[in-house]
Amino acid sequence: SYGTITNLGYLGIPSASQCWVRCINDLGIIIGDYYIGDWVPFYKLPNEDAITIPLTYVSSVNNNGVAVGYDSSNNLCTYDPINGVTNLGKFGYTGVYGRGINDNGDICGQVNDGGTNKWFIRLSNDPDNLIVDAVDYDSIFYGINNNGDAVGYCTVSGDWTTLLRKSDGTILKIYIPKKFV
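Conventions used here
Residues numbered from 1 in each chain as written. Predicted model: local features only at pLDDT ≥ 70, side-chain atom pairs only at ≥ 80, totals over all residues. Heavy atoms only, no water. Salt bridge = Lys/Arg side-chain N within 4 Å of Asp/Glu carboxyl O. Helix = DSSP H or I, 4+ residues; strand = E, 2+ residues; numbered from the N terminus. Buried < 20%, exposed > 50% of the residue type's maximum accessible area, 1.4 Å probe, protein only. 1 Å grid on protein atoms, 1.4 Å probe; cavity = no way out; pocket = protein on both sides within 12 Å on 5 of 7 lines; lining within 4 Å. Points joined across faces, edges and corners; volume = space filled by probe spheres on them. Core = buried A, V, L, I, M, F, W, Y, C linked by side-chain atoms within 4.5 Å.

Caption draft 1: Local environment of the pattern of salt bridges. For the structure shown, the criterion picks out 2 salt bridges. With its nearest N and O atoms 2.6 Å apart, the salt bridge here joins Arg22 to Asp33. With a gap of 11 residues between them, Arg22 in strand β1 (residues 18-24) and Asp33 in strand β2 (residues 30-35) connect regions that are remote in the sequence. With a relative accessible area of 32%, Arg22 lands in the partly exposed category.

Caption draft 2: Molecular detail of the layout of surface pockets. Estimated volume of the largest pocket: approximately 160 Å³. Around the largest pocket, the lining comprises 13 residues; the ones closest to its centre are Asn62, Asn63, Ile101, Asn102 and Asp103.

Caption draft 3: Region of interest: the nonpolar core. Cys23, Ile29, Ile31, Tyr43, Ile53, Leu55, Val58, Val61, Ala67, Cys77 and Tyr79 form the largest nonpolar core, which has 11 residues in total. Those elements that place two or more of their residues in this core are β5 (57-61) and β7 (76-80).

Caption draft 4: Representation of unusual backbone geometry in the model. With phi around 65°, Asn47 is a residue other than glycine that occupies positive phi space. Summarising the element assignment, Asn47 is placed in the loop between β3 (39-44) and β4 (51-52). Judged by relative accessible area, which is 81%, Asn47 ranks as exposed. Backbone geometry at Phe91 places phi at a positive 55°, although glycine is not the residue there. Inspection of the secondary structure assignment puts Phe91 in the loop between β8 (84-89) and β9 (95-101).

In short, the description is geometric, and any link to function would need to be established separately.
Shown next, in the form of structure tokens:
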């Protein structure tokens, strides 16, 4: 048995016609997008209706209730109900897209330099700098755990490769042939 499946419906948004849940944390906070003529990010506390948040995209929420995503100007942003949206900026890139956040406040995702997307990590103990993939291929990180290990993928010569970056900086690549993608 896989437990009970609960239909969340449209999370208290009566005009929504679709709802995409992206993440749930250990506290039961859910984030995602719902459709009301356009896709709108939401943040839902347990036992409350979802509220819209003024971001373009939200992708992850940590156990402190801080969600990460980006705004319409492609700035890296966080959101929580107490502080609202915090614009962390672009760090000199065309866009910085937050995809994962851990309980320490470390963030991962992708930057765009006007052509190539590259994975990044922003450490909470060095918030003014990004660790960015130095190789010239498309890459992205989607999740970062509390140890600082990040996971994602890259494309090399059209083939997909999964990535694991350990907190010590070691990068492991697992090759997946094109025929399996």
